[in-house]
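As a plain string of letters, each chain reads:
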Amino acid sequence: MEQAGGARKWARMGAIAVAYVFSAWIAKLIGLPSGYVTAVWPPAGIALAVVLAYGPGVGPAIWLGCFLHTVTYWRGPGGSPAADVAASAVVSLGAVAQACAGAWLIRRDNGFRPELDDVLAVLRLVLLGGVVACGINAVVGTAMLAASGLVPANGLALHLLTWWSGDAVGVTVLAPTLLVWLAPQPHPERPHLAELLGWGGALAVATFYGFGVLGHGFFFVPLAVWAAVRFPTRLALTAQTAIATIVFALTAAGVGPFAALPRSSALPTLDGWMISLVGSAMLIVAAFAGQRRAARELHDSSQLFTSVVENLPNMIFVKEARELRMVLLNAAGEALLGRPRAEQLGKNDADVFPPDQARFFEQKDREALRQRSLVDIPEEAIDTAGGTRYLHTKKVPIMDEHGEPRYLLGISEDITELKRARAQIGSLDAELARRIAAEEELKRQDERLRIMVDAGHAFAEASTDYPRLMELIVARLGGLLGDLCVIRLLEPDGASVGTTFIHHAEPELADFVRATLQPQKVGEGLYGDAFLRGEPIFLPQATSAMLRAKVAPAHRPLFERLDVSSFMFVPMRARGRTVGALALYRLMQPSRPFVDADLHLAQDLGDRAALAIDNAQLYAHLEERVAERTEELQGAYGRLQDLDRMKDSFVGSVSHELRMPLTTILGYADFLAEQDQGPLNEEQADFVEQIHRGATRIRRIVDDLLDFASMDAGTFGLRRNDVDLGAICREVAASMRPQLDEGGLELEQTYPEEPVVLHVDAERIGQVVLNLLSNAVKATPAGGRVSLRLVVEPTGVRCEVADTGRGIRPEDQSNLFQRFRRLTGSLSGTGLGLSISKALVEAHGGSIGVASEPGKGSRFWFTLPTP
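Quick summary incoming for the structure in this document.

## Some details on the environment of A17
Phase 1 of the analysis: Within the element layout of this structure, A17 appears in helix α1 (residues 2-27).
Phase 2 of the analysis: On the basis of relative accessible area, A17 is assigned to the buried category, the value being 6%.
Phase 3 of the analysis: Note: C-alpha distance between A17 and P43 (26 residues apart in sequence) is 9.8 Å.

## Here's the deal with the pattern of salt bridges
Phase 1 of the analysis: Counting across every chain of the model gives 21 salt bridges.
Phase 2 of the analysis: Note that R719 is salt-bridged to E763, the shortest N-O span being 3.3 Å. On the criterion of sequence distance, the pair formed by R719 in the loop between α21 (682-713) and β12 (721-724) and E763 in helix α24 (residues 762-779) is long-range, its members being 44 residues apart.
Phase 3 of the analysis: For R719, a relative accessible area of 60% gives the class exposed.

## Notes on the packing of aromatic side chains
Phase 1 of the analysis: Overall, the coordinates contain 4 aromatic pairs when judged by the stated rule.
Phase 2 of the analysis: Where F353 meets F361, the ring centres are 5.4 Å apart and the plane angle is 85 degrees; that geometry is what we call edge-to-face. An identical accessibility class is assigned to F353 and F361; each is buried.
Phase 3 of the analysis: Ring geometry for F360 against F361: centres 6.2 Å apart, planes inclined by 65 degrees, an arrangement best described as edge-to-face.
Phase 4 of the analysis: Every member of this aromatic cluster is reached through a ring pair, and the members are F353, F360 and F361.
Phase 5 of the analysis: The ring of Y751 is capped by R730, whose NZ or CZ atom sits 4.4 Å from the centre of that ring.

## A look at unusual backbone geometry
Phase 1 of the analysis: A positive phi angle is found at L324, which is not glycine, with a value near 55 degrees.
Phase 2 of the analysis: Note on placement: L324 falls in the loop between β1 (315-320) and β2 (326-329).
Phase 3 of the analysis: Although it is not a glycine, R372 sits at a positive phi angle of roughly 55 degrees.
Phase 4 of the analysis: Mapped onto the elements of the fold, R372 is located in the loop between α13 (355-371) and β3 (375-384).
Phase 5 of the analysis: By relative accessible area, R372 is classed as partly exposed at 41%.

## Details of the sheet that holds β2
Adjacent strands of a sheet form backbone hydrogen bonds with each other and so pair up, either parallel or antiparallel.
Phase 1 of the analysis: If you walk across this open sheet you meet the 5 strands as β2-β1-β5-β4-β3, and the pairing is antiparallel. The open sheet terminates on both sides in strands that have one partner only, identified here as β2 and β3. If you compare each strand with its neighbour and ignore which way they point, the axes differ by 30 degrees on average.
Phase 2 of the analysis: In terms of strand pairing, β1 meets β2 through 3 bridges, oriented antiparallel. Looking at the pairing, F317 lines up with L329 of β2.

## Thoughts on the state of the cysteines
Phase 1 of the analysis: Enumeration over the complete set of coordinates arrives at 0 disulfides.
Phase 2 of the analysis: Sulfur of C799: no disulfide; nearest cysteine sulfur belongs to C729 and is 4.2 Å away.
Phase 3 of the analysis: C799 gets classed as buried once you look at its relative accessible area, which sits at 1%.

## Brief notes about helix α16 (residues 507-516)
Phase 1 of the analysis: Restricting attention to buried positions, one finds in α16 the residues L509, A510, V513 and T516. Along the axis of α16, the buried residues cluster in a sector spanning 130 degrees; they form a single face. Turned more than 90 degrees off the buried face of α16, the exposed positions are P507, E508 and A515.

## Notes on the nonpolar core
Phase 1 of the analysis: Counting 72 residues, the largest nonpolar core has L52, I62, F112, L116, W199, F220 and I243 as the members making the most contacts within it.
Phase 2 of the analysis: In contact with L116, not counting residues within four places along its chain, are A121, V122, L125, P176, V180, T233, L237, A286 and A289.
Phase 3 of the analysis: Of all hydrophobic cores here, the second largest spans 39 residues; its members include L772, V786, V801 and I836.

## Examining the sheet that holds strand β15 (residues 785-793)
Phase 1 of the analysis: Taken in spatial order, the 5 strands of this open sheet run β13-β15-β16-β18-β17, and their pairing is mixed. Two strands in the sheet have a free side with no partner beyond their single neighbour: β13 (746-750) and β17 (847-852). Shown here is a sheet whose adjacent strand axes are inclined to one another by a mean of 15 degrees, direction ignored.
Phase 2 of the analysis: Relative to strand β16 (residues 796-803), β15 runs antiparallel, the two being bridged by 8 bridges. The partner of V786 across the bridge, within β16, is D803.
Phase 3 of the analysis: Strands β13, β15, β16 and β18 (858-865) of the sheet are contacted by α24, whose axis makes an angle of about 170 degrees with β18.

## Section: a nonpolar patch on the surface
Phase 1 of the analysis: On the surface, V119, L123, L127, V131, V132, W164 and L283 cluster together into a nonpolar patch covering about 530 Å² of accessible area.
Phase 2 of the analysis: Position of L283 among the secondary structure elements: in helix α11 (residues 263-311).

## Quick notes on the packing of helix α22 (residues 725-735) against α24
Phase 1 of the analysis: Two numbers describe how α22 lies on α24: the axes approach to 9 Å, and their chain directions differ by 45 degrees. It follows from the interaxial angle that α22 and α24 lie oblique. In the packing of α22 onto α24, the handedness of the crossing is right-handed. Two secondary-structure elements touch here, α22 through L725, I728, C729, V732, A733 and S735 and α24 through A762, I765, G766, V769, L770 and L773.
Phase 2 of the analysis: For the contact of α22 with α24, the class distribution of residues is 10 nonpolar, 2 polar and no charged.

Reading the values: the criteria
Residues numbered from 1 in each chain as written. Predicted model: local features only at pLDDT ≥ 70, side-chain atom pairs only at ≥ 80, totals over all residues. Heavy atoms only, no water. Helix = DSSP H or I, 4+ residues; strand = E, 2+ residues; numbered from the N terminus. Buried < 20%, exposed > 50% of the residue type's maximum accessible area, 1.4 Å probe, protein only. Salt bridge = Lys/Arg side-chain N within 4 Å of Asp/Glu carboxyl O. Phe/Tyr/Trp six-rings, centres within 6.5 Å; stacked < 30°, edge-to-face > 60°. Lys NZ or Arg CZ within 6 Å of the ring centre and 35° of its normal. Pairing = 2+ DSSP bridges. Axes fitted to C-alpha atoms, helices over the stretch in contact; angles between N-to-C directions. Disulfide = S-S within 2.5 Å. Arc of directions from axis to C-beta. Core = buried A, V, L, I, M, F, W, Y, C linked by side-chain atoms within 4.5 Å. Contact = heavy atoms within 4.5 Å. Patch = residues over 30% accessible without salt bridge, like charges linked within 9 Å, V, L, I, M, F, W, Y side chains within 5 Å. Areas by Shrake-Rupley, 256 points an atom, 1.4 Å probe, with all protein chains shown as cover. Parallel < 35°, antiparallel > 145°, perpendicular 65-115°, else oblique. Left-handed = near helix turned anticlockwise from the far one by under 90°. Nonpolar A, V, L, I, M, F, W, Y, C, P; charged D, E, K, R; others polar.

Below is the structure:
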């Protein structure tokens with residue numbers, strides 16, 4: 001971006017220098033015989049325009065352009081090139097100083113408009129920049145001519161005047177046009193093409209016929225005025241520059257009225273003609289441009305006013321002062337009234353609103369006009385298409401140039417919703433007051449509840465420690481409610497009041513109260529009366545008469561010493577019976593009297609304390625009963641342990657005793673089945689098979705009992721080896737083939753492709769697989785299917801045995817793995833197989849489970865961890 005900006009800057013500087021050189025070369029066409037002064041010097045106009053447009057920073061470009069032109073023709077009689085260069089440099093500095101001084105004079109009070117849309121801006125440019133400032137370089141240049149010996153002394157005045165007027169003409173003719181083209185135009189305008197073409201044709205006629213043939217310059221005057229009046233600023237000033245350029249060119253070509261005059265008089269005449277023509281035209285251009293600007297500003301101001309009024313949220317209306325007819329109504333007013341503006345403009349209020357409203361509106365209108373000041377109407381009702389609305393209106397007169405009211409301006413704010421809101425404020429205030437009172441009551445209730453909860457928690461924590469509980473209760477209630485707290489409990493006989501608990505900050509006073517309060521019968525004194533009636537006794541303001549009436553004679557010294565000012569007695573009830581009475585005392589100073597809220601809180605806390613006391617008493621009684629029952633249960637438990645040991649001993653002995661004869665029976669059965677002592681007939685062979693099958697079943701039961709006994713005795717152990725779990729499963733499945741074939745069952749087996757080697761007791765894991773597979777065979781009817789599946793999982797190995805049998809009820813599933821538990825309706829087995837399987841799997845660090853649904857079969861599984 002910086003590089004691009006720098007490039008544009010240098011391009012601009014170069015363009016300025018080139019334009020300066022080119023325009024200077026053209027200007028030399030009309031000059032004095034010396035060749036150093038000309039009647040029209042456009043470079044002066046270029047220099048002033050670019051400084052006004054771009055600032056003094058373009059001074060080097062002006063100096064360079066002037067120097068390049070001057071150094072080419074400046075030749076002093078001495079023939080010194082250095083002197084010529086120095087003179088050219090000084091003249092160039094004068095050109096820069098002249099442009100900068102002229103720009104400073106024009107802009108010095110910030111009153112200059114580069115758009116040249118007012119007469120003052122044109123006068124500043126022509127007089128300050130073209131007349132005053134142009135004398136600078138004329139003096140510098142003439143002085144250098146004299147110093148160089150290029151002009152004789154008698155010709156200095158003519159050269160000074162010509163230099164000055166030439167620069168002034170250059171500024172007058174060229175600077176305005178360049179300036180309006182260089183300055184931004186906020187409101188660009190376009191001429192009519194036909195009119196522009198007509199003006200161009202007229203210019204051609206005036207050039208080649210009027211100026212050239214007839215030799216009269218007045219032919220250009222109508223064209224200059226035409227362009228000034230009809231064309232936009234840029235084009236109008238360009239037209240004046242074009243006329244001046246044409247006259248300059250024709251004069252340089254020896255055509256026109258100025259060419260016939262001697263050069264010494266022709267040049268001032270040409271300058272005067274061009275300044276008068278172009279200057280007058282520029283003043284006309286500025287006047288008409290200012291008029292157009294004023295019209296635009298008036299239009300913009302009107303548009304702004306209209307836009308503001310139309311978009312205000314409040315109703316704005318204007319009435320003429322004489323008959324109060326509506327002349328303006330904004331969109332908000334139209335929307336508020338709900339009627340088109342066309343139906344209301346030109347009418348007064350009597351034509352639109354009900355008579356009573358119209359009279360009120362007119363009265364306020366006349367009041368504002370009569371007082372010639374603002375009238376504020378806080379509230380007024382108005383009928384609209386949507387119903388009655390309420391407005392807050394302000395009316396103020398608008399005066400004419402004579403100070404008389406011409407219009408009436410009104411601004412109305414719709415306060416209907418505000419009025420409704422205010423109408424609700426009263427009820428809201430009442431509701432707020434009610435809610436505040438309710439909130440205060442809730443706070444009191446919350447505080448009361450907090451106190452009760454805290455007390456309840458404290459009582460509950462100490463409910464099993466009766467002495468500590470009573471100390472806590474009397475201290476807590478005394479600290480919360482009174483200066484002195486006394487709790488007296490009903491004796492177990494229900495006819496007397498005895499046990500007393502007291503809390504007071506002074507131990508000596510507490511001892512005095514304890515000594516004074518002697519046991520008494522129910523119905524005697526305040527405590528006895530409280531027990532008898534079951535109702536609280538509340539004396540918020542204690543007097544001597546009350547004390548004599550309520551307090552037993554034996555207790556009056558107590559009250560007199562305590563200087564009691566307020567007290568209450570509250571029965572303490574729990575589970576429908578009275579367990580004691582709570583007495584709370586407040587002394588004269590500095591305590592305040594009791595209030596109803598204190599009584600309610602004391603009743604609630606007294607009941608909670610009574611419940612805690614009753615629970616503590618029950619707990620103490622319960623502890624005695626628990627101790628008795630515990631002793632009885634311990635005796636029974638000892639007897640059960642003896643029986644259990646006898647049972648374990650019996651099971652172990654019986655199992656060992658049965659194992660020997662079973663081994664003999666199985667051995668002889670095998671011997672007979674081999675028929676070594678002679679052949680057996682078919683019936684005998686069947687008998688032998690039945691003997692063998694029954695003995696095998698009994699041996700399995702005996703093995704389960706022995707396992708059960710060894711587990712209870714703690715002698716159970718595992719003999720682990722690295723074995724293939726798949727091989728164990730296949731071996732067990734092969735051993736079950738006779739039972740499967742006999743039951744007509746199909747066995748599906750699924751194993752991993754690779755061996756599943758685990759460090760386990762092969763015999764015990766085979767026993768688990770056999771138990772699960774045997775149970776599945778027993779539970780599956782003929783034609784069913786049993787599956788044995790081995791799956792390797794990320795955390796271990798899973799073995800599943802599934803069947804299509806009758807399934808297991810949900811209530812039976814939780815008891816399957818307990819000892820001596822069999823399924824409902826099952827008569828076979830000891831109920832130890834699954835419990836032993838569970839123990840064996842868990843001994844290996846695994847788990848066992850079941851998933852079943854009645855009628856849809858069962859799925860037993862166990863998992864073993866991998867190494």
